[in-house]
Amino acid sequence: MSFDDYEWSGNNPLDINFVSPQSLMLTNQPEISSMVIDKTNMFKACLLVPGGRYCLSLINKPVPTAATIINGEHEANMRAYQENLEYVVIVPRLPQNSHITFTDTIVFSVKGKPGIYLHKLDTVRIDHPDDPVFKDRGWKRTRVEIDWPGVERIGRLSNLPCSPGQGFYTRQEVALEVGRQVREVLLPHTVVKHNYSCQALNKRNRLWDIRHIDYRSVRLLGINYYQNWVPVLAIDDPDNAIGARL
């Protein structure tokens, strides 16, 4: 598979899809649904199109009234709303890891909001951290593959034991291990041995040069299963990012 297959779809700065943790529904209009998020629809966080630009928000857009406009309350509410918006770009993946016909997904969120910064995984408690995410699968081992533009895997992936007490069983454990493996790719100088090659860049994937990626701006939304578990990653949109990364 050629790495020319990676695409950047954020050429139009006005082409932004707004996504709410309450709905995680795709829309071309800058409106946020008020539908309550729960386990039945959280998986939609992993359906966001690779290369697409989205806006995450924890609050609904304020609705103006005559009273709030006159007393200035609406202006203050809009300012708070705008400050809460976090614009991200979904990291492109190879075609075989991009279609929506994957067989399973695991989403990682904090306080109902998907998209955890990698550098915070060691310090935050994710939602439903003790869920045994592999309990009903009947597996003893599984594999994770990191798909980042221009980076190729070297050799075979390691089989990870996914039984209780093995360190890759609960939602929190899985998030930590996936984050560690992504770090191996983005910060290769921090590990002694790794399973991925140097990045091969071309005109289509040069925007994803790991030498110029701020590791603190990369988020983990979840993992999808395409023969291997593939992380769904996002990065703060450099033109609009407001996320607190420190």
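Residues numbered from 1 in each chain as written. Predicted model: local features only at pLDDT ≥ 70, side-chain atom pairs only at ≥ 80, totals over all residues. Heavy atoms only, no water.

Draft legend 1. Structural context of the overall build of the protein. Scanning the protein from terminus to terminus reveals three helices and 11 strands. Of the regular secondary structure in the protein, the N- to C-terminal order runs β-β-α-α-β-β-β-β-β-β-β-α-β-β. Counting across all 246 residues of the protein, residues that qualify as buried make up 48%. Of the contacts made within the protein by residues no fewer than 6 positions apart, 72% connect residues no fewer than 24 positions apart. When the accessible surface of the protein is totalled, it reaches about 13,000 Å², and 52% of it is carbon and sulfur. (Helix = DSSP H or I, 4+ residues; strand = E, 2+ residues; numbered from the N terminus. Buried < 20%, exposed > 50% of the residue type's maximum accessible area, 1.4 Å probe, protein only. Contact = heavy atoms within 4.5 Å. Areas by Shrake-Rupley, 256 points an atom, 1.4 Å probe, with all protein chains shown as cover.)

Draft legend 2. Layout of the environment of Cys 198. Residue placement: Cys 198 occurs in the loop between α3 (171-186) and β10 (218-226). Separated by 45 residues in sequence, Cys 198 and Arg 153 have C-alpha atoms that sit 9.4 Å apart.

Draft legend 3. The pairing of strand β2 (residues 53-56), seen in detail. Taking every second residue as pointing to the same face, both faces of β2 are buried, with Arg 53 and Cys 55 on one and Tyr 54 and Leu 56 on the other. Inspection of the sheet shows β2 paired to strand β3 (residues 86-90) by four bridges, in the antiparallel sense. Paired with Leu 56 across the strands is Glu 86, a residue of β3. (Pairing = 2+ DSSP bridges.)

Draft legend 4. Looking closely at the environment of Ile 235. Mapped onto the elements, Ile 235 comes out in strand β11 (residues 228-236). Excluding residues that lie within four positions of it along the chain, Ile 235 makes contacts with Tyr 87, Val 88, Val 89, Trp 208, Ile 213, Ser 217 and Val 218.

Draft legend 5. Looking closely at the pattern of salt bridges. Under the defined criterion, the tally for this structure stands at 10 salt bridges. Where Glu 177 meets Arg 180, a salt bridge forms, and the shortest distance between an N and an O atom there is 2.8 Å. In this pair, Glu 177 and Arg 180 are both assigned in helix α3, three residues apart and thus about one turn of the helix distant. Given a relative accessible area of 42%, Arg 180 falls into the partly exposed group. (Salt bridge = Lys/Arg side-chain N within 4 Å of Asp/Glu carboxyl O.)

Draft legend 6. How the structure looks around the side chain of Thr 68. Residue position: Thr 68 is located in helix α1 (residues 66-70). Exposure remark for Thr 68: the relative accessible area of 13% places this residue in the buried category. A distance of 3.0 Å separates the side chain of Thr 68 from the backbone nitrogen of Thr 65, its partner in a polar contact. Beyond its immediate stretch of four places on either side in the chain, Thr 68 contacts Glu 73 and His 74. (Polar contact = N/O pair within 3.5 Å; in protein donor to acceptor, adjacent residues only side chain to side chain.)

Draft legend 7. Unusual backbone geometry, seen in detail. A positive phi angle is found at Lys 111, which is not glycine, with a value near 55°. On the secondary structure map, Lys 111 appears in the loop between β5 (109-110) and β6 (113-114). The exposure class of Lys 111 is exposed, given its relative accessible area of 76%.

Draft legend 8. Region of interest: the nonpolar core. Residues Phe 108, Phe 134, Trp 148 and Leu 186 are the most contacted members of the largest nonpolar core, which totals 38 residues. Broken down by secondary-structure element, the contributors of at least two residues to this core are α3, β10 and β11. Among the elements that line this core, the one with the most residues is α3, at six residues. Counting residues in each nonpolar core, the second largest holds 11 residues, with Cys 46, Leu 48, Tyr 54 and Val 107 among its members. (Core = buried A, V, L, I, M, F, W, Y, C linked by side-chain atoms within 4.5 Å.)

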